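Report on the structure
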Amino acid sequence: IKINTKVETFRLEFKRLTQNWPVLLVTSVLFLAKLVIISSIPYFLAKSMGLEFSSTNELVNIIDTTSMTWLVSSITQMVPIPGGSGGAELVFQNMFGGTFFKNATQADISALILLWRSVTFYLGLIVGFIVFISYRESPKKESFLHGDNKTLLELQVINLENERRKTLVLNEYIEEELSIKDIEKRF
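Residues numbered from 1 in each chain as written. Predicted model: local features only at pLDDT ≥ 70, side-chain atom pairs only at ≥ 80, totals over all residues. Heavy atoms only, no water.

1. As for the overall build of the chain
When you go through the chain residue by residue, the secondary structure sums to nine helices and zero strands. Across the chain, helices and strands are ordered from the amino to the carboxyl terminus as α-α-α-α-α-α-α-α-α. Looking at the chain as a whole, 19% of its 187 residues are labelled buried. Expressed as a percentage of contacts within the chain between residues at least 6 apart in sequence, the contacts between residues at least 24 apart total 64%. If you sum the accessible surface of the chain, you get close to 13900 Å²; carbon and sulfur atoms cover 66% of it. (Helix = DSSP H or I, 4+ residues; strand = E, 2+ residues; numbered from the N terminus. Buried < 20%, exposed > 50% of the residue type's maximum accessible area, 1.4 Å probe, protein only. Contact = heavy atoms within 4.5 Å. Areas by Shrake-Rupley, 256 points an atom, 1.4 Å probe, with all protein chains shown as cover.)

Structure, rendered in structure tokens:
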């Protein structure tokens, strides 16, 4: 029942999402903007450190940096440790440490890696932890603001369970040869 409910919930929510094109479009554009901004952070960090890119075209440098950061993220998704620790830094060093910069030393690449991970990964952890420990809301206020806080999945499981019970009861009534009006009265 739970698996069927999850599949049905996904189907319903996907159908609802595809029917609401403005929300889908805005969400997709915002997600893409967030992805581009986060992936272009190494470019701005390298510029702030005074590193010279191999190409003289700034647009090409931004696109190269962003696409290489996407590639680093894709590769580190395959590393089965939290946050891809170690793997992300190694891949980043191999991607950006070659001929990507004209005047970069190994120390410059290491500093760039440290800044990149600090801004994109560790800063989010620290801010999230601070929000987590400082967030206080009373249960009364929470239930007042959000009403019934059961998820759609929980409500559907309850509904399926009630339907199953009704079917069992209906089968018992049919065996007793009760009329439809008698059955409806008992519900």
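2. Examining the packing of helix α4 (residues 58-76) against helix α5 (residues 87-96)
Orientation of α4 relative to α5, taken along the N-to-C sense of each, is 145 degrees, at an axis distance of 9 Å. Where α4 crosses over α5, the handedness of that crossing is right-handed. Across the interface between the two elements, Thr-65, Met-68, Thr-69, Leu-71, Val-72, Ile-75 and Thr-76 of α4 pack against Gly-87, Ala-88, Val-91, Phe-92, Met-95 and Phe-96 of α5. By residue class, the composition of the contact of α4 with α5 is nine nonpolar, four polar and no charged. (Axes fitted to C-alpha atoms, helices over the stretch in contact; angles between N-to-C directions. Left-handed = near helix turned anticlockwise from the far one by under 90°. Nonpolar A, V, L, I, M, F, W, Y, C, P; charged D, E, K, R; others polar.)

3. So, the nonpolar core
Generally speaking, nonpolar side chains in soluble globular proteins are found buried as a group. Counting residues in hydrophobic clusters, the biggest one holds 18 residues, and the most contacted among them are Phe-92, Phe-101 and Leu-112. Those elements that place two or more of their residues in this core are α3 (41-49), α4, α5 and α6 (106-134). (Core = buried A, V, L, I, M, F, W, Y, C linked by side-chain atoms within 4.5 Å.)

4. A word on α6
Along its 29 residues, α6 runs 40 Å from first to last C-alpha, staying within 8% of the 42 Å computed at 1.5 Å per residue. Of all the bends in α6, the greatest measures close to 45 degrees and is centred on Ser-118. When α6 is considered as a whole, its buried residues turn out to be Ile-109, Leu-112, Ile-113, Trp-116 and Arg-117. Residues of α6 that are buried sit in contact with α3, α4 and α5. (Expected span 1.5 Å × (residues − 1). Bend = angle between axes of the 7 residues up to and from the residue.)

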